[in-house]
Structure formats: C-alpha cells, structure tokens
Amino acid sequence: MSSNLAPSAADLRRVIDQLARPPFSKRLSVVALHDDLPHPDFVALLNEVVAHVDSGTPNSPHALDIRNELPEVTANRIADFCVGSLGYAGGNKHARWHGSREDDVANNILSGQERSALLHLMCFLLSDVQALQQAAYKSRFCRPLDIPLEFSGDDQLQQLVQQLQERQAEFAETLAQAEQMHEASQQTADLKRDISQMEEEKQLVQSKIQLMQRKVADMPNATQWLQAARALRTEQEQDRALTDRVKDLRVQLASVDERLSQAQRRLADTKEMSRAEPQNLLGKLEREVQTNRFLAKEKLPKDLSNVLQAVALLQRIASEAPWGPADLLKLEHEVETLGEELKDLTERRVKNHNTQDKLALFRQQATVVANKRNATADRLREATAAMDTLRTQHAAAMANAPKASSRIPRGDEFKAYVAELRTKSNAYKAKRAELAALQSEFTIAARTREILAEKRTAADRALQALEQRHGVSGLRNTRTTLEEVSGKKGDLDVAKAEAVDDMSTLVQSLVKAVQDKKAVLAPSIAELKQQRAALGELEAVHAERKRAYDNVVLALETEITQLIGDIRGLRAEAAADASRWHFVTHMIGSMDVAMDTVLQEMKVYIGNADDVDAAVKARGFRSWRDLYQRKVFEGEAQARQLHEQLKRVHESHAQNIVQLQHFATAKQLLALRVAANKKLMERAARGDTGNSRTGAGDGGEVYMGANEQRLVIS
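What you see is a predicted model, and the numbers here were worked out from it, not measured in a lab.

Quick notes on the rules
Residues numbered from 1 in each chain as written. Predicted model: local features only at pLDDT ≥ 70, side-chain atom pairs only at ≥ 80, totals over all residues. Heavy atoms only, no water. Helix = DSSP H or I, 4+ residues; strand = E, 2+ residues; numbered from the N terminus. Buried < 20%, exposed > 50% of the residue type's maximum accessible area, 1.4 Å probe, protein only. Contact = heavy atoms within 4.5 Å. Patch = residues over 30% accessible without salt bridge, like charges linked within 9 Å, V, L, I, M, F, W, Y side chains within 5 Å. Areas by Shrake-Rupley, 256 points an atom, 1.4 Å probe, with all protein chains shown as cover. Salt bridge = Lys/Arg side-chain N within 4 Å of Asp/Glu carboxyl O. Core = buried A, V, L, I, M, F, W, Y, C linked by side-chain atoms within 4.5 Å. Expected span 1.5 Å × (residues − 1). Phe/Tyr/Trp six-rings, centres within 6.5 Å; stacked < 30°, edge-to-face > 60°. Lys, Arg positive; Asp, Glu negative; His and termini not counted. Charge placed at Lys NZ, Arg CZ, Asp CG, Glu CD. Axes fitted to C-alpha atoms, helices over the stretch in contact; angles between N-to-C directions. Parallel < 35°, antiparallel > 145°, perpendicular 65-115°, else oblique. Nonpolar A, V, L, I, M, F, W, Y, C, P; charged D, E, K, R; others polar.

Engineer: Hey, could you run me through the overall build of the chain in this one?
Structural biologist: The number of helices and strands found in the chain is 17 helices and three strands. Within the chain, the fraction of its 714 residues that count as buried is 15%. Nonlocal contacts in the chain, meaning residues at least 24 apart in sequence, comprise 59% of its contacts between residues at least 6 apart.

Engineer: Sorry, what's going on with a nonpolar patch on the surface here?
Structural biologist: Taken together, the side chains of Val598, Leu599, Met602, Tyr605 and Ile606 make up a nonpolar region of the molecular surface, amounting to roughly 480 Å² of accessible area. Inspection of the secondary structure puts leucine 599 in helix 14 (residues 475–606).

Engineer: Would you take a moment to explain the nonpolar core for this structure?
Structural biologist: Proteins that are soluble and globular tend to have nonpolar side chains buried together. Counting 38 residues, the largest nonpolar core has Ile109, Leu121 and Leu125 as the members making the most contacts within it. Looking at this core, the elements with two or more residues in it are helix 1 (9–20), helix 2 (30–36), helix 3 (39–53), helix 4 (71–85), helix 5 (102–111), helix 6 (115–127) and helix 7 (129–142). A total of eight residues in this core trace back to one element, the largest contributor, which is helix 6. Contacts of isoleucine 109, omitting those with residues within four sequence positions, involve His39, Val43, Leu46, Ala75, Ile78, Ala79, Leu118 and Leu121.

Engineer: Is there a simple way to explain helix 1 in this structure?
Structural biologist: Since the α-helix packs 3.6 residues into each turn, any two residues three or four apart lie on the same face. With 12 residues, helix 1 extends 16 Å between its outermost C-alpha atoms, agreeing within 8% with the 16 Å of an ideal straight helix rising 1.5 Å per residue. When we look at burial in helix 1, the residues that qualify are Ala9, Asp11, Leu12, Val15, Ile16, Leu19 and Ala20.

Engineer: Would you mind showing me how to read the packing of aromatic side chains here?
Structural biologist: Within a pair of aromatic rings, the relevant descriptors are the distance that separates the centres and the angle that separates the planes. For the coordinates displayed, the defined rule picks out two aromatic pairs. With a centroid separation of 5.0 Å and an interplanar angle of 45°, the aromatic rings of tyrosine 88 and phenylalanine 124 are classed as tilted. With tyrosine 88 in the loop between helix 4 and helix 5 and phenylalanine 124 in helix 6, this pair connects stretches of sequence that are 36 residues apart. Residue class for tyrosine 88 comes out buried when judged on its relative accessible area of 3%. On the basis of relative accessible area, phenylalanine 124 is assigned to the buried category, the value being 3%. Ring centres 6.4 Å apart and planes at 45° place the aromatic pair tyrosine 137 and phenylalanine 171 in the tilted group.

Engineer: Which parts of the structure should I look at to understand the pattern of salt bridges?
Structural biologist: Pairs may arise between side chains of opposite charge once their charged atoms sit close together. Using the criterion set out here, one finds eight salt bridges in the structure. Arginine 447 is the partner of glutamate 450 in a salt bridge, and the nearest nitrogen-oxygen pair spans 3.2 Å. In this pair, glutamate 450 and arginine 447 both sit in helix 13 (residues 412–470), three residues apart, roughly one turn of the helix. The class of glutamate 450 is partly exposed, set by a relative accessible area of 43%. As a salt-bridge pair, arginine 580 and aspartate 577 come within 2.0 Å of each other at their nearest N and O atoms.

Engineer: Looking at this structure, I do not really get a negative patch on the surface. What am I missing?
Structural biologist: Side chains of Glu336, Glu340, Glu341, Asp344, Glu347 and Glu573 sit close together on the surface and give a patch of like negative charge. Considering each element in turn, the negative patch owes the most residues, five residues, to helix 11 (residues 325–351). For glutamate 347, the position within the fold is in helix 11. Residue glutamate 347 is classed as partly exposed on the basis of its relative accessible area, which comes to 37%.

Engineer: Explanation requested: helix 17 (residues 653–686) in the structure shown.
Structural biologist: Between its first and last C-alpha atoms helix 17 spans 50 Å; for 34 residues at 1.5 Å apiece the expected length is 50 Å, and the two agree. Within helix 17 the residues assigned to the buried category are Leu672, Ala676 and Arg683. At the C-terminal side of helix 17, glycine 687 shows a positive phi close to 85°.

Engineer: Please explain unusual backbone geometry as it appears in this structure.
Structural biologist: Cis geometry is found at the peptide bond from proline 22 to proline 23, where omega equals 5°. By the element assignment, proline 23 lies in the loop between helix 1 and helix 2. Positive phi outside glycine occurs at serine 25, with the angle close to 55°. Locating serine 25 in the fold gives a position in the loop between helix 1 and helix 2.

Engineer: Sorry if this is basic, but what is going on with the packing of helix 3 against helix 5 here?
Structural biologist: Packed helices, taken two at a time, are described by the angle their axes make and the gap between the axes. Relative to each other, helix 3 and helix 5 sit at 130°, their axes nearing to 9 Å. Regarding the angle of helix 3 to helix 5, the classification is oblique. On the side of helix 3, the interface is formed by His39, Val43 and Leu46, while helix 5 contributes Asn108, Ile109, Leu110 and Ser111. Here the contact of helix 3 with helix 5 is built from residues that sort into four nonpolar, three polar and no charged.

Nothing here speaks to function; it is all geometry.
Printed below as a string of structure tokens:
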C-alpha cells in the first residue's frame, strides 16, 4: 500500500537532517532526494537506514552490500523487515499499525516507479529511530510464525504455537518492565546527582554562614543587630506585599473608572438622543445600522475569505513537494497555453465589443464608489482601534496618577497647624538674626585680613631691602623653602610608615581571605573541572553539528539561488508577454478607430441624405475630404496674402531706411539743442555772458555768445 501524494516539505527536510548526521553523513538536498538520486543509489541508502535501525541485532542480515545480492532478494528482505517487524502500513499514517501487503512494498522497491512511496518509507524509518530499534529488537522474539496450511490441523503443533505465544507475551511484559526499570534507574541517577549537587550547595551555604558568624561574633550587640535585620526583612516583605496590593487596587480602580467613563458616555449619548429630534435620531441610527451592516455582511466576510484563501494557498504550498526541473517545464507549458487562450479571448472580445456601451460609465462610477466605501470602512476600523488604545492609555495614566488631597484642616488640627507655623516663623527669625550677625563678623574679619596682609607685604619689602643691603638676598625665602621641604619629608616618612603597616595588615587579611576562599571554593573548583570536561565534549559535538549545519545551509542556498534565477527568468518572460499583449491591444484599438472613421466616411459617400445630415450634425462637417479641401483652400489664400505683404515690404524697404536715417538725424539735433539750452541756463545762473564753446556730444559742437548761438555738425 502506498500513497500517491508525496511527503510534505517538512517531512523531507527532517529526512535530510537525519541523513546529514552520523552514521549516515549524507549531504543531500530535497530536490536531489526527490528527483536526482538514481533508483539503485536510493535503494542502497534505504538499505543503510534499515541496517542502522536493525543495528541491535548481532550479525544483522541487512548489514551487507546490495551489489552482492539480487534486487528481488533485497526488495523482499527490506519489505519483510519494514512490514513484518516494524509494522509499516504505507503512506497513510492513520493505518500504519494495521498491516500491509509486503508484495506492494517489495514491488515499489524493485521497480522504483513510485518515488513517493519510497519517500514515505524513508520518512517512516527516520521518524523515530530509537522506537523502531526497540520494535525491531522485540520483533526478533515476538514475531508470529508462518505455519503452512497442511500442518495447521496438527494438535501437537497447535499446542506448541500456543506455548510460543504465551512465552512471547511473557517476554513482551518482561521487556516492558525492563524498559521501565531502565527509565527508573535513569531517574534515580538524576535524583542522586541532584541530591549531591544540593548537598554541595548546602555545604557552601553553611561555610558562608559560619564565616558570617565569625565576623559578627566580635561585634557588640550582635543579637540585637540580627533581630533588627530580621525585623527589617519582615517589614520589607510586608512593604512589597502592600505595594503589590496597591498596584492591584490601582488596576481595579482603573477598570472601575473605565466602566464609569463608559457609563457616562452612554448617559451623555442617551441625553443627547432624548434632546434630539426623532427624525435626526432615526437618520443617525439608520446610518450606523447601514455602516455596521456593510462591515458585517460585506467588508469582514471579504477580508475573512481573503485570509482563508491565503492560508489555504500557503498550506497547499507547504504540503506540496519541492518543484524540480520537470515541474518547472510543465508550469512553463501551462503558462504558454494560458497565454494563447488569453490572446484568443482578447481577440474575440475585441471583435464582439460594442463601442456604444452606455453602461460603462455607470460601472466605472460604481467601482469608484465601492473602493471609496471599502477605504472608509478601513479608516473607520483603524480609528476605532486607535480610540480603544487611547482609552486604555488614559485609564492607565489615571490609575498611575497620584490622588491629590483637597481636605481643609479644621478645629484642633488647624490650631496645631498655626502653632507649627508660628514655631517655624520664630526659628526663621532667629536664623535670620544669626545670619546677620555672622555677616557683620565676616565683614570685620575680612577687613582685618586685608590690614594684616598689607602689613605683611610691607614687612616683606623691608626685609628684602635689608637682605639686599647685607648682600644675602633671598635668604628668608630659602629658609622658608627648607623648612617646608623638611616638614613635607617628615610627613612623607610618617605616611610611608603608615602605608607599610597598612600593607602588612592588608597582606595578612588577603592571605586569610584567599585561604577562606580556597576552602569555600574547593567544591566549586571540582565542579568547574567537571563542567570544563563536559564543555570540551559539547564543543566537539557542537563543531561537528555546525559543520553539518553549514553543509546543509550551503546546499539550501545553492538550491534557493537556482530557483530564484529560474523565477526571475519566468517573470521576465511573463513581463515580455504582457508587454506584447498590451502593444497588440493598443494597435487593435487604433485600427478599430481607423476602421470606424473609414466606415463613417463611406456612409457619407454611399448613404442617403439622412446619413449626411446626421454626420454633419455630429461632426460639424460633411466628410473628411471636404474638411481637408477647405483647409487646403484656406492655407493657399493665406499664403497668397503673405506673398503680397512680403512684396509690399520689399518695395518700401529703401524708402523706410532713408526715413529712419532722417529720424535719427532729427533726434540728434534735438538732443544737441537740449544740451545747449541746459548750458545756457547754467551760465545765466552764474552771471557769465561771454562767448563760449561747448561740446554737445557725438557729432557736433555748440558756440554760445551774448546774443547768438551756433551749432556746428561734424
């Protein structure tokens, strides 16, 4: 019995991981195991896995080279072991232990036509190797015997068979008890190890307690200090309990405040509804009902169906086996077929398309409205979620905010408050008076210090002058320096002696501390040595597994890179096909427009007067030929006008040039006249009436006398 479906990708990856570990150490990928591995090599690998499962049997019949054995014998041997000894039932996991025909499994192993059946067998053998090894060991003694039919009627043989079955049942019970005892012994060893570790920890704690007791024994009032420490620990525990209780109460208060705020909002909504007009209220309720109905019946079911489709697609992809080259070729063929069908459908649609579809605009508007409604529903849902988040944050902030006390003291409490305030006021006044006295004393002391500093400066100057007169300048400074150096040396010697004493004391304390630490850390050091040995073993195992993991990762990355390259090629081909399809569609649309224009032009020439009137009314002209002829006539008339205008310009060009020169000369004369008048006005303002010669700019000079003005143009 076999399954037509291949194992899931997760099962195949688990098989690859098991094969990559010792004792197999096979570096295979999922694609290689599923498609590329030849059938003889696959059977050899299967025989190696079976031999590993039956490794507990001395001189196992499966520990051999299948090249020295006939294929039929190999297939029957593996099938007999898997079905008869291990209870393999094919790819159906629910019928695994119900038995199966050995012939089907042997035929699949021999022919190799159904690789999926062999993959299911491999997954079964590597699913739980330890359990299968126990089942193989048990089947050596508890497997039923095959008795021929001609001997089934012998009474003595039946008695022997019954005794054998009883002995097999006893063996099964004994084996189960032995396994339980083995597990119990392992648990006992674990318990002993835990107990020894706890005893070591107990000794360590006791040594720490004794050390602390020795340190505390010399302290005065040690018992009282211990009682105070116990009381402090008890108070701290009570404080933590009270803090936790306060947090719980604050959380409860926040929830109560949240319910109160919700009730207040509902009350405000109810009051607003009671004050509102019935029609407005009914309209508001209808809008809310429509919104909720849209969300419940259209938006949410659509989103749910999309999510379910995505989940189903992912499950289907996860359950399928990895694609090989054959699957990719098949997929390419399907893509080409679908592309051709799409092209045919597009051509048919273009042929049957009605250009006067009056409902297209309304369909487009309905699509726009539906998209806007979906977008509004999404924004409404996001706003509702944001509002709930803000409400939760507000409730948490209100719960964590300190409660301000607004109670006003009265009676005796107020009198005590006034007395305390009066005491503080008197203390403040006394401190202020004391501060004023200290400030006056500080002023007097500062002035005295200044006077003494001046006297000292004067004495130093007089002493320096005296030393200079006697020829021993700097003697006082040298003596002062020597005294300071001597004092510092004495202080340094005292400090050295103290440092030596401190160092000797510190060395003794360190030696004692090291000895105590050695005594305390002796168990930990022994345990550390054991842990280091275990760490070395774990590092070796980790290095081996890391190498296997790196090999698997390298194989997967290579496979992923190859698949990514194939996908990119397919996407490029799909994009090229889509581009060609859009180009052809655009060209077909252009040809349709041209054909429509040609048909309308033919209707105008061939049709009756009604067609001609309809065309003139729709387009504003009778035919395209008439329109183009009118445009040509208008262009020719405009060209003739421009030609005549150019001729007139050529004829009047010389005369216009002369006239332009005359205008330039007149402009120059007027500029000279203006300049001369300005100079004359300036001379009149200065009272100078003599003759003068004034330059008037480029091209002339002005002579001005008492009664005349002359302009000379050069």
